[in-house]
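# Understanding the architecture of this molecule
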Amino acid sequence: MWNGTPTPKNDDQTHFNFQVHFLGPKMPSTTPQNDENIDYTDIENKYQVQYDTGFDNILVVDGVPVIDESKRERLLAKVTKEFSKKGVVIKVEDIFMPWDDTSGKSKGYMFVEFRNADDANLALATLHNHPFDAKHTFRLNHFTDVERFAELDETYNEPKLEEYTPREHLRAWLADPQGRDQYVTYRGDEVLINWHGKPSQSEVAHKPDWKDFLYVAWSPLGTYIATLHRQGVRLWGGPSWKPQQRFAHPLVKLIDFSPCERYLVTWSNEPIVVPEGAVQGPQYFSPDDEGNNLAVWDIKSGDLLRTFSTYNEGETPSSKKQMQWPALKWSPDDKFVARITPGQMISVYELPSMYLHGKKSLKIEGVVDFEWCPLGDKDREETGSSGKPAKKARENMLVYWTPEVANQPARCKLYWQSQGDFLCVKVDRHTKTKKSIFCNLEIFRMREKDYPVEVVELKGERFAIVSSNDPNLGNPGPGVTIKTDVSFYQLDRAKNDFRLLRTLPSRTSNAIRWSPRGRHVVLATVGSSTKSELEFWDLDFNSDDRKEGQTEWGSGIQLLGTADHYGVTDVEWDPSGRYLATSASAWTHTEKQKTIRKNLREYSRAFDEEDAAEESNVSAELTALRKRLVDEWNAGQEEVKEEIEVWIDEVIEQIEEVIVE
Amino acid sequence: MRPILLQGHERSLTQIKFNSDGDLLFTCSKDNVINVWYSHNGERLGTYEGHNGAVWTVDVDPETKYLVTGSADNTLKVWAVATGKCLYTWEFPTAVKRVAFNGSGTQIVCITEQRMGYQCAIRVFDINQEDGTKQSKVPRHMFNPIGSKATVAAFTLQHNTIITGHESGKVALFNVKTGEEIDNNERAHSDVVTDLQMSKDWTYCVTSSKDKAARIHDTKNLMVIKTYNTETPLNSASLAPNRPYVLLGGGQEAMSVTTTSLRQGKFETRFWHKVFEEEVGRVKGHFGPINTIAVHPSGMSYASGGEDGFVRVHHFDESYFKAKPYGDLEIID
């Protein structure tokens, strides 16, 4: 503070332009002429002491038992104890209990003063809704809030009804008249969504102006495109690719959709940090999520369901270890999601609650990896059709593997057949010398009881593989028969390994049916229009007079006979192995196919015309230019030709004249 | 269709020509021989031996009776196509770079090189069609074009008028009688004109040049009708009858071929749309620059001769004739 001394009134030659602001108590001034006119408010504002309003550390505790004087001491002691138990230490003196003097009883609430506002907040968080005893539950409020609540405007304002705007159909591309799919390209800064049409065409379906993102990704069913931004993930969809949803996960690096597109998993290498004063809500991270880096979101609502940490206990986030992605594996119907803690357990969570299924993880010692069983088409029909409760819905099933011996270098790869009928396990093992690796394939039939292992089911010793290197494999057409090789394998007990018995090269067989006892096998060519052979093979032909280990390897294979069933599509053994049933069935619309094939020319003409039309409507401008060029050229040529004709006529006339002369 | 590879020359090709029926293909090269082939199967019918230097140029009369060839041994020879016998030889002070028959086969025009103090000369000879061995020794007309030397020449529809291409890129019309330059287009090309071929009706012609462009000119007033700009020096250009295409061939200069890869060399035959001036396709196959291209008179096949010493005869596929890549547009040939 500077108390200004009055400006000396000097002689008129010296002009002091000396402005003084008086602070603090008004001093008797020698220059009182404009004292009242000085505006002090800015200074007052600046130096105003921010008083603690003093009530932030006071809570109103409701729901306290109503007592009389005799119990007062006991109640206060009990309450202080209760508070202290929850980690908020208070003293009896801090409590003020209003007293109803007329009845001589307490009013059922009390004011508690804490050391500071933080303590009060903590108490509010921990003790609100705290059951004090059987009849009483604490309700805590800030003292300051009580006033606010009391002053709440209670007139009811009817919320404005938002006009309903129909959303765009998210699978609009399915309605494309030409049945085209879409693909997205990301080149430089430019994202383009194109129609996947005929070769050499790339009609742009949409050119979004998305900015500053890491990459784009389709959702599994193609409903959305996700872009990864610094702030989080955005989903876009519909024919005009409008924003559909966003998920605030800062610095997100990886995303994973659930198979039915109901949920989204996001991952970032940075642990979640919730800054002070961040927006809170179901769509945002709460302080509880700090330190985690994996989040599960509901796509439709945009709500955050749960967060996880991908760091295992004991590991520091800095330790560089190959992370498994996807970190969460979804069951095929989106009902469950599971994550693995290697070597310890698999945790299965129910959706949408994200609680642990069965309230506990599956503890499996040494578990390394697992896979969900996919849903077959049949299962989908059963579970999805017409809302009826499925007769016997397939339960979600997962398979995991643990090493037989810890530290054994064997590696497994679990591979489900797409329909969930078979599980193939590929096992890589070191040979005994540990120099090379060999690989086993084990196939489990998942639809049958006790999941028989294919190799064991065939009396434990044999299996056959149909393989093909035909270039036509994978693009079947009418009249195309794919050449295949059939190989029989048998377990060699001496080596404890499957050995090739025999390979039958260049067959057409594409089906193998083992007899129930596993001795005979039928190789069939099914589903082909030209070939329909059935071959019966005996793999133990000379086993009757065979002595263990004496016969030559693979000599017991003998072709017993062949048969033919035109157009055969199904082959099945009877359970006794005495009979074989074959049947030929065809789609009922085969007739139509035939007529189409017969009149292919006419059918294809329509498409050819369409193609031609498309080719020619490249761009109206270009066509017009070309038309103009052609017209110009033609006109020029015609002119020249006419000229020549005239000229020739002249020449002829001249010659004629000469001759006449 | 697979091309027919004609392997009858030991050095690079200089010019190839179909006869008017299109059944024969005459090829000449720097190895002193002229070959004649059946164009449909590539079988060699015979050779014309007698030149002692690189044969620069060849042409055949409309009746396929006489063949004229010009060579670096400073001679111009007339051959009987059927027998392979040399009927007459003119000798000049310098090499013969270009010969061409007129439309009726009664005259030939020949260009001799400018060298050793001799100027580039253009001569026109009458051809005695009755007896090939009895030709007049002196030319009917002779003149020295003023300015840049001529590299290519051909008769036009007008009597006594020839169209020439020059080293400077000039295209000009000359009256052979007077040696007077009737008309010229100094800036037809910016580099040496390498080839000049007439259209079916002789009303326009296509020229190719080292300036990487090919142009169609009106033979009457030398107006440039169309321009085809490529990215490689061109050695030859030919018009495909019945289809609106121009075939262009060229490639890296022969001397820099060894330093460029096959792909960079651009040794493909380019098909350009005659009217739209757009490239429509390429046919590759040569290992060196393409020196000369000729299209069958009926448009059913074409042949290209390269610096690599091979002639490739391509018969067009069915789809070539059916394809309408630009829609239904009637284009007058």
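Residues numbered from 1 in each chain as written. Chains lettered and ligands numbered in written order. Predicted model: local features only at pLDDT ≥ 70, side-chain atom pairs only at ≥ 80, totals over all residues. Heavy atoms only, no water.

Per an unreviewed UniProt entry, chain B goes by the name Eukaryotic translation initiation factor 3 subunit I and belongs to Gymnopilus junonius. Among the UniProt annotations of chain B, the heading Subcellular location (unreviewed entry) holds the following wording: "Cytoplasm". As recorded by UniProt, the Subunit (unreviewed entry) comment attached to chain B reads in full: "Component of the eukaryotic translation initiation factor 3 (eIF-3) complex." (UniProt positions renumbered as here; feature names shortened; annotations may be inferred.)

Chain A has the name Eukaryotic translation initiation factor 3 subunit B in an unreviewed UniProt entry, where Gymnopilus junonius is given as its organism. Checking UniProt for chain A, the heading Sequence similarities (unreviewed entry) contains the comment "Belongs to the eIF-3 subunit B family." Regarding chain A, the UniProt comment filed under Subcellular location (unreviewed entry) reads as follows: "Cytoplasm".

Bringing the overall build of chain B into the picture now. A tally of regular secondary structure across chain B gives two helices and 28 strands. Out of the 333 residues in chain B, the part that is buried amounts to 59%. Look at the contacts in chain B between residues 6 or more apart in sequence, and 44% of them connect residues 24 or more apart. (Helix = DSSP H or I, 4+ residues; strand = E, 2+ residues; numbered from the N terminus. Buried < 20%, exposed > 50% of the residue type's maximum accessible area, 1.4 Å probe, protein only. Contact = heavy atoms within 4.5 Å.)

We now examine the side chain of Thr27(B). All names here are of chain B. Topologically, Thr27 is positioned in strand E3 (residues 24-29). At 2.6 Å, the side chain of Thr27 forms a polar contact with the side chain of His9. In terms of polar contacts, Thr27 uses its side chain to reach the side chain of Trp37, at 3.1 Å. The contact partners of Thr27, leaving out residues within four places of it in the chain, are His9, Leu13, Gln15, Ile16, Val33, Ile34, Asn35, Trp37 and Val311. (Polar contact = N/O pair within 3.5 Å; in protein donor to acceptor, adjacent residues only side chain to side chain.)

This next bit is on the interface of chain A and chain B. In this assembly, 13 residues from chain A lie in contact with 19 residues from chain B. Across the chain A to chain B interface the summed buried area is about 1500 Å²; carbon plus sulfur atoms make up 67%. Of all residues in chain A, the largest losses of buried area upon contact with chain B belong to Arg626(A), Val630(A) and Trp633(A), amounting jointly to 41% of the total for that side. Applying the counting criterion to the chain A and chain B interface returns three salt bridges. Linking Asp201(B) and Lys641(A) is a salt bridge whose minimum nitrogen-to-oxygen distance equals 3.4 Å. (Buried area = accessible area lost by both parts, 1.4 Å probe. Salt bridge = Lys/Arg side-chain N within 4 Å of Asp/Glu carboxyl O.)

What follows deals with the sheet that holds strand E2 (residues 13-18) of chain B. Residue and element names in this part refer to chain B. Taken in spatial order, the four strands make up an open sheet running E2-E3-E4-E5, and their pairing is antiparallel. Strands with a single pairing partner mark the edges of an open sheet, and in this sheet they are E2 and strand E5 (44-48). Put simply, the sheet's adjacent strands are angled 20° from each other on average, direction ignored. With five bridges connecting them, E3 and strand E4 (residues 34-38) associate as antiparallel partners. Bridging from a neighbouring strand, Cys28 pairs with Ile34 of E4. (Pairing = 2+ DSSP bridges. Axes fitted to C-alpha atoms, helices over the stretch in contact; angles between N-to-C directions.)

Quick look at the sheet that holds strand E14 (residues 254-257) of chain A now. All names here are of chain A. Judged by pairing direction, the sheet is antiparallel, and its four strands sit side by side in the order E14-E15-E16-E17 without closing on themselves. Here the strands that pair on one side only, and so sit at the sheet edges, are E14 and strand E17 (304-308). Between one strand and the next, the sheet's axes are offset by a mean angle of 20°, whatever the strand orientation.

Let us now look at the pairing of strand E22 (residues 234-240) of chain B. Successive side chains on a regular strand alternate, one facing one side of the sheet and the next facing the other. Of all seven residues in E22(B), seven are buried, a share of seventy percent or more. With antiparallel pairing between neighbouring strands as the criterion, E22(B) and strand E23 (residues 245-250) of chain B make up a hairpin whose turn holds four residues, including Asn242(B) at a positive phi of roughly 75°.

A grouping of Lys78(A), Lys81(A), Lys85(A) and Lys86(A) is seen on the molecular surface, where their side chains present a positively charged patch. Residue Lys81(A) is classed as exposed on the basis of its relative accessible area, which comes to 56%. (Patch = residues over 30% accessible without salt bridge, like charges linked within 9 Å, V, L, I, M, F, W, Y side chains within 5 Å. Areas by Shrake-Rupley, 256 points an atom, 1.4 Å probe, with all protein chains shown as cover. Lys, Arg positive; Asp, Glu negative; His and termini not counted. Charge placed at Lys NZ, Arg CZ, Asp CG, Glu CD.)

When we look at a pair of aromatic rings, we describe it by the centre distance and by the angle of the planes. Per the stated rule, a full pass over the model turns up 30 aromatic pairs over all chains. Seen in terms of ring centroids, Tyr263(A) and Trp330(A) are 5.5 Å apart; in terms of plane orientation they differ by 5°. Their pairing is stacked. Residue Tyr263(A) is located in strand E15 (residues 263-267), and its partner Trp330(A) is located in strand E18 (residues 328-330); the two are separated by 67 residues in the primary sequence. Here Tyr302(B) and Phe316(B) contribute two aromatic rings whose centre-to-centre distance is 5.7 Å and whose plane-to-plane angle is 25°, an arrangement assigned as stacked. Highlighted residues: Tyr302(B) in strand E27 (residues 301-306) and Phe316(B) in the loop between strand E28 (311-315) and helix H2 (318-322), separated in sequence by 14 residues. Each member of the pair, Tyr302(B) together with Phe316(B), is buried. Among the aromatic residues, those joined into a ring-pair cluster are Tyr245(B), Phe271(B), Tyr302(B), Phe316(B), Tyr320(B) and Phe321(B). Note that Lys329(A) overlies the ring of Phe370(A), its terminal NZ or CZ placed 4.8 Å from the centroid. A cation sits over an aromatic face here: Arg243(B) above Tyr320(B), 5.8 Å from the ring centre. (Phe/Tyr/Trp six-rings, centres within 6.5 Å; stacked < 30°, edge-to-face > 60°. Lys NZ or Arg CZ within 6 Å of the ring centre and 35° of its normal.)

Further remarks concern the environment of Trp90(B). All names here are of chain B. Looking at where Trp90 falls in the secondary structure, it is placed in strand E9 (residues 86-91). Note on Trp90: relative accessible area 3%, which makes it buried. Along the chain, Trp90 and Thr75 lie 15 residues apart, while their C-alpha atoms are 5.5 Å from each other. Residues in contact with Trp90, not counting those within four places in the same chain, are Asn74, Thr75, Leu76, Val78, Ile108, Phe125, Ile127, Gln135, Ser136 and Lys137. Of note is the side chain of Trp90, whose polar atom sits 3.1 Å from the backbone oxygen of Ser136. A polar atom in the side chain of Trp90 sits 3.5 Å from the backbone oxygen of Lys137.

Residues and elements named next belong to chain B. For Met116, which is not glycine, the phi torsion reads 50° and is therefore positive. By the element assignment, Met116 lies in the loop between strand E11 (107-112) and strand E12 (121-126). Look at Met116 and you get exposed, because its relative accessible area is 63%. A positive phi angle, close to 75°, is found at Lys212, a residue other than glycine. Counting through the fold element by element, Lys212 comes out in the loop between strand E19 (204-209) and strand E20 (213-218).

Attention now moves to the nonpolar core. Residues and elements named next belong to chain A. Counting 22 residues, the largest nonpolar core has Val61, Leu75, Val79, Phe83, Met110, Phe114 and Phe138 as its most contacted members. Counting residues per element, the ones that place at least two in this core are strand E1 (58-62), helix H2 (72-85), strand E5 (109-113) and helix H3 (117-127). If sequence neighbours within four positions are ignored, Phe114 has contacts with Asn57, Leu59, Phe83, Val88, Ile90, Asp119, Ala120 and Ala123. Counting 19 residues, the second-largest nonpolar core is a separate cluster that includes Val252, Phe285, Ala295 and Ile299. (Core = buried A, V, L, I, M, F, W, Y, C linked by side-chain atoms within 4.5 Å.)

Take the pattern of salt bridges next. All names here are of chain A. Using the criterion set out here, one finds 23 salt bridges over all chains in the structure. Note that Arg171 and Glu261 form a salt bridge whose closest N and O atoms lie 3.9 Å from each other. You can see Arg171 sitting in the loop between helix H4 (143-150) and strand E7 (181-187) and its partner Glu261 sitting in the loop between E14 and E15, a full 90 residues away along the chain. Among the residues examined, Arg171 registers a relative accessible area of 34% and is labelled partly exposed. Under the relative-accessibility criterion, Glu261 is labelled buried at 5%.

Averaged over chain A, the pLDDT score is 74; the fraction of residues at 70 or greater is 71%. Note that pLDDT drops below 50 for residues 452-460 of chain A; the model gives that stretch 21 contacts with residues more than four away or on any other chain. (pLDDT = per-residue confidence, 0-100.)

Next up on the list: the environment of Ser361(A). All names here are of chain A. Among the secondary structure elements, Ser361 is positioned in the loop between strand E20 (345-350) and strand E21 (362-363). For Ser361, a relative accessible area of 16% gives the class buried. Taking the C-alpha atoms as reference points, Ser361 and Ile340, separated by 21 residues in sequence, lie 9.5 Å from one another. Excluding anything up to four places from it in sequence, Ser361 contacts Met345, Ile346, Ser347 and Leu356.

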